[in-house]
Each structure stands twice: as structure tokens, then as C-alpha cells.
Amino acid sequence: MARPREQHFERHMSDNEALMWNLEKDPALSSWFASLTILDRPPSLERLRARLARAVVAVPRLRQHVVASVGRLSPPAWVDDPEFDLDRHVWRIAVPSPGADADLHELAIRLLQEPFDRTRPLWQFIVIEGLADGRAALFQKMHHTITDGEGGVRLAEQFVDLERDPNEPDPPDVPAPVGDGDGFAESAMEVVGHNVRRVGGLARRVTGSVVGNPLGTAQGLGRAVKEIDRSLRPSHEEGRTVGSPLWKPRTLKRWFGSLHVPLADVKQAGRVLGGTINDVFVAGALAGAAAYHHERGVRPDLLRAAMPVSTRKGGTAGGNAFAITTTDLRVPDDPIEAFAVVHEALAAVKGGGSMDLIGQLAMVVNLLPTSVLTSFAKDAAATVDFTVSNVRAAPVELYIAGGRCEAVLPMGPISGTAFNLSTLSYNGGLDMGLVVDAGAIDDPAGLRDHLVAAFDTLIEVGR
């Protein structure tokens with residue numbers, strides 16, 4: 001079999017990726033994500049390692065680590081790790097008997113919280129054995145600076161199969177590590193060139209759209225940053241307060257749960273209600289959050305949701321291509337009302353009613369001292385009640401190293417919000433992963449129950 005074609009990746013992080021990298025100096029703002037694939041039987045670790053050995057040839061980012069720039073004046077660079085060892089990234093563990101789902105979820109959230117070694121390539125694949133009924137799981141963790149959720153799905157093409165026991169490809173020749181090759185002078189010149197280019201790009205992106213003032217001046221720049229701060233802090237809309245009064249303060253305590261709904265039922269509900277699959281998904285999240293508050297006798301006016309919107313074009317799997325939008329959603333009385341609220345709000349987002357202001361000014365805020373940067377970001381994140389993310393995967397059954405994939409549960413980053421509900425469509429279903437700040441939300445399992453009930457109500461409309 002031919003050697004896998006190496007995909008193109010940029011040498012440097014983008015300004016947005018550098019922002020994620022800098023922010024995670026505070027663990028509350030960590031930006032890595034994971035997925036938990038449930039398999040009908042344990043996969044072959046040897047076969048998995050062989051596939052991943054090919055992947056690190058085709059996807060150079062998997063064998064690279066991060067090197068900081070001179071004075072943090074340009075984004076960090078990616079350089080081949082001269083000590084790359086696949087065994088540092090692929091291994092096997094087991095849950096204790098009887099291997100209940102709750103035990104698996106607890107293990108997965110602990111693995112998710114463990115920080116990466118920032119001197120090594122930023123990914124892990126862990127086979128988890130010992131589940132009930134002879135099942136197993138594959139925990140896949142990746143740093144967000146490598147790619148986003150959609151890119152992660154494309155990277156998975158390197159190691160998934162359409163049948164249980166296909167012919168195995170020949171082992172690849174892993175390229176010899178290539179050092180950065182840059183001395184101080186070269187790095188300094190690269191920084192200068194980068195900043196000349198990005199200042200011009202910043203002015204083109206933001207001038208007139210946010211502050212109506214040329215950003216080549218300190219005054220214009222200061223006004224832009226103030227506008228971001230104003231837009232993300234607790235606000236009032238027609239006398240109504242934005243944000244949950246219950247879900248504070250934010251902590252590092254985490255809980256993970258899962259949900260599953262049939263994709264065909266969600267499609268039908270969307271058609272009957274006059275919207276899309278994504279409308280149903282976000283409406284379920286909003287309705288579940290609202291019911292959690294109603295049960296406790298609390299009725300907030302508006303909840304703020306964050307949603308990544310893909311901007312990816314073409315077939316590349318590398319890098320990040322998304323913008324974060326935020327929208328304030330009126331708290332509904334029931335899931336059907338939630339759908340109407342979400343449908344209207346998402347139409348406004350698609351029409352340009354929301355902007356990724358922080359992303360547009362990433363190169364500016366990256367120059368702030370780390371303590372100032374993380375404080376600003378945490379304050380901004382604390383105004384967001386929850387994050388929702390919808391990623392489309394394979395519509396057919398897949399296998400990994402001999403194990404059939406029964407479900408693929410995404411585990412998205414909270415990054416300072418109260419919970420993250422991510423969904424991944426796979427083989428006729430929507431698999432959902434719920435990552436909760438269990439210090440802010442004192443009954444995570446109760447929140448999951450409200451989410452399940454909300455989706456049940458929405459699906460019933462289509463039947």
C-alpha cells in the first residue's frame with residue numbers, strides 16, 4: 001500500500017489558537033477536548049498502534065510539540081519532537097468490576113481533566129477495558145490548538161474502518177524529526193514579519209465593524225477592547241437580567257454524563273416544528289436548563305449560550321476553523337416554546353447578528369500579561385451559562401481495531417461556563433456528552449434528567 005499522503009499544517013498557530021494556548025495557564029480555561037467511543041469488544045492495541053503509526057506520518061501535527069516565540073510577540077510554532085514515542089500517547093487501562101457506565105464516565109472525566117505535558121505532542125488514545133457485557137471504550141483526547149471538533153472527525157479517518165477485520169496496511173516509515181532550525185536572529189525577524197502582516201489584517205477585519213474608528217491608534221484599540229468587555233459582561237435587556245443566579249461561582253469540579261436520541265426522530269421533530277436538527281438540539285439544551293431552574297423556584301429572564309460556528313472549507317483536517325458566537329435566550333416555560341426561542345435566535349446568528357469579537361482581536365489580547373488575559377477571559381466566560389456544539393460524523397457503522405463503535409460521546413471544553421452539551425451524529429443517532437461544572441451546578445444528574453425529558457417532549461411532537 002502506498003505511503004499515506006501528508007496533510008498540510010501551518011508552522012505557527014493562528015492568533016486564535018495562540019489565545020487558547022495562553023489562556024490555559026489557568027486550568028479553568030483549558031481548551032482540550034475528547035471523545036469516548038463505546039465498542040462492542042476490546043480493540044486490538046497492536047492494530048490500533050499500527051494505524052496511529054500511519055496517522056503520525058499523514059498528520060505531522062501528531063508528532064510535533066509547541067515552541068514559544070521570541071517575547072510572545074507572535075504565535076507559538078509547531079516543531080517535530082525529537083523524542084517522539086508512540087507509547088507515550090497510546091496505552092491501555094481498565095475500569096474496576098462490574099464496569100458500569102457510571103464508573104466509565106467517572107474515569108473519563110478524570111482523564112479529561114489531566115493536563116497535557118506541554119513539552120510533548122498534545123494528544124492521547126487510551127483503550128479502556130473491563131466494561132460490562134464484554135464491551136470496551138476508546139478515550140481520545142486532543143488539544144484544541146491541533147484542530148477543532150470537525151477537524152477531529154476528519155482525523156479519525158486515519159484509524160477507523162468500515163468492516164471489523166479489513167486488510168491491514170503496510171507499516172509506514174516515520175520521517176526523521178526536523179528541528180526548528182531557527183536561531184535567535186531568524187526567530188526575531190519572523191516575529192517582525194508576522195506582526196507587520198497581522199496588524200494590517202486586524203485593521204481590515206475590525207475597523208468600522210465594532211468601533212467605527214481606525215485601530216491603528218491606541219484610542220481605537222482601547223475602545224474595541226472595551227466593546228468586547230461590555231458585550232460579554234452581565235447586561236440588561238428591556239430591564240431583564242442575563243444569566244443564571246444559581247450557577248455561580250465557577251469551579252474546577254467536573255461531572256460527565258451521556259444522552260442518546262434517534263437522529264430520524266430529531267429530523268422529524270424539526271420538520272414538524274419548522275426548523276432544523278440543530279434547532280431541536282439547542283432547544284433541548286435550553287429547555288433542560290430552564291426546567292432545572294423552574295424545579296428550584298427560580299425563573300431567570302435570559303440565559304446566555306455560546307456556540308462554535310464552523311468556518312471550515314475544503315477537505316483539510318488541520319487547524320481550527322470556527323468562530324464563537326454568544327446569544328441571549330429568553331427562558332421558556334416548556335420545550336416547545338424553547339424551540340421557537342432558539343429558532344428565532346439562531347436565524348439572527350446566521351444573519352450576522354452575532355460576532356466573534358474576541359477572535360477578531362485575538363492578536364491584541366495575546367499581548368496582555370497572562371494574569372490580565374486570564375482574568376479578563378474568566379470574567380467573560382462567567383457571563384455564559386452553557387455551551388452547545390453540534391458535529392456531524394459518519395452516517396454508517398464504523399470499527400476501530402476490530403471493535404464495533406456503538407456510540408461516540410463527545411466531551412467538549414467548559415472553558416469557564418457552567419456546562420457543555422456537545423452532540424455528534426453517528427450511524428443514525430445523536431450521541432451527546434454532557435460535561436458539567438459540578439461546583440456551579442450542584443445536581444448534574446438532575447440536569448441530565450431534565451435534558452432527557454426535554455428531548456423526549458420535542459421528539460414526541462414529530463410522532
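Whatever comes next refers back to the structure up there.
Residues numbered from 1 in each chain as written. Predicted model: local features only at pLDDT ≥ 70, side-chain atom pairs only at ≥ 80, totals over all residues. Heavy atoms only, no water.

Caption draft 1: Just the pattern of salt bridges, in detail. All chains considered together, the criterion is met by 23 salt bridges. As a salt-bridge pair, D40 and R404 come within 3.7 Å of each other at their nearest N and O atoms. Of this pair, D40 sits in the loop between β1 (33–39) and α2 (45–58) while R404 sits in strand β14 (residues 403–411), placing them 364 residues apart in sequence. Among the residues examined, D40 registers a relative accessible area of 17% and is labelled buried. The partly exposed category is assigned to R404, whose relative accessible area is 24%. One continuous salt-bridge network, built from bridges that share partners, spans D40, R164, E397, R404 and E406. (Salt bridge = Lys/Arg side-chain N within 4 Å of Asp/Glu carboxyl O. Helix = DSSP H or I, 4+ residues; strand = E, 2+ residues; numbered from the N terminus. Buried < 20%, exposed > 50% of the residue type's maximum accessible area, 1.4 Å probe, protein only.)

Caption draft 2: Spotlight on the nonpolar core. If you look at the biggest cluster of nonpolar residues, it comprises 58 residues, and the most contacted ones within it are L36, L52, W123, I128, F139 and M411. Those elements that provide at least two residues to this core are β1, α2, α3 (101–113), β5 (123–129), β6 (136–142), β14 and β15 (419–426). For M411, the residues in contact, after removing those within four places along its chain, are F33, A34, S35, A108, I109, L112, F139, F256 and V435. With 44 residues, the next largest nonpolar core counts V266, A345, M432 and I459 among its residues. (Core = buried A, V, L, I, M, F, W, Y, C linked by side-chain atoms within 4.5 Å. Contact = heavy atoms within 4.5 Å.)

Caption draft 3: Looking closely at helix α13 (residues 444–461). End to end, α13 covers 27 Å across 18 residues, agreeing with the expected 26 Å (1.5 Å per residue, within 8%). Along α13, the residues classified as buried are P444, G446, L447, H450, L451, A454, F455, L458 and I459. (Expected span 1.5 Å × (residues − 1).)

Caption draft 4: Examining the packing of aromatic side chains more closely. In this structure the tally under the stated criterion is six aromatic pairs. Ring centres of W32 and F116 lie 5.7 Å apart, and the angle between their planes is 90°; on these two criteria the pair is classed as edge-to-face. A residue pair is termed long-range when its members are at least 10 positions apart, and W32 in the loop between α1 (15–23) and β1 and F116 in the loop between α3 and β5 qualify at 84 residues. A relative accessible area of 8% places W32 in the buried class. Geometrically, the ring pair formed by F386 and F419 is stacked, given 5.0 Å between the ring centres and 5° between the ring planes. Of this pair, F386 sits in strand β12 (residues 386–392) while F419 sits in strand β15, placing them 33 residues apart in sequence. The same class applies to F386 as to F419, namely buried. An aromatic cluster is present here, built from W247, Y292, F386 and F419 joined pairwise through their rings. A cation over a ring is seen here: R118 above W21, with NZ or CZ 3.6 Å from the ring centre. Just above the ring of F116 sits the side chain of K141; from NZ or CZ to the centre is 4.8 Å. (Phe/Tyr/Trp six-rings, centres within 6.5 Å; stacked < 30°, edge-to-face > 60°. Lys NZ or Arg CZ within 6 Å of the ring centre and 35° of its normal.)

Caption draft 5: Spatial organisation of α1. With eight of nine residues buried, α1 is to be regarded as a mostly interior element. Of the residues making up α1, those classed as buried are D15, E17, A18, L19, M20, W21, N22 and L23.

Caption draft 6: Fine view of unusual backbone geometry. P98 follows S97 through a cis peptide bond whose omega is 10°. Inspection of the secondary structure assignment puts P98 in the loop between β4 (90–94) and α3. Non-glycine residue D133 carries a positive phi angle of around 65°. The phi dihedral of S415 falls on the positive side, at around 50°, and the residue is not glycine. By the element assignment, S415 lies in the loop between β14 and β15. A relative accessible area of 28% means that S415 is categorised as partly exposed.

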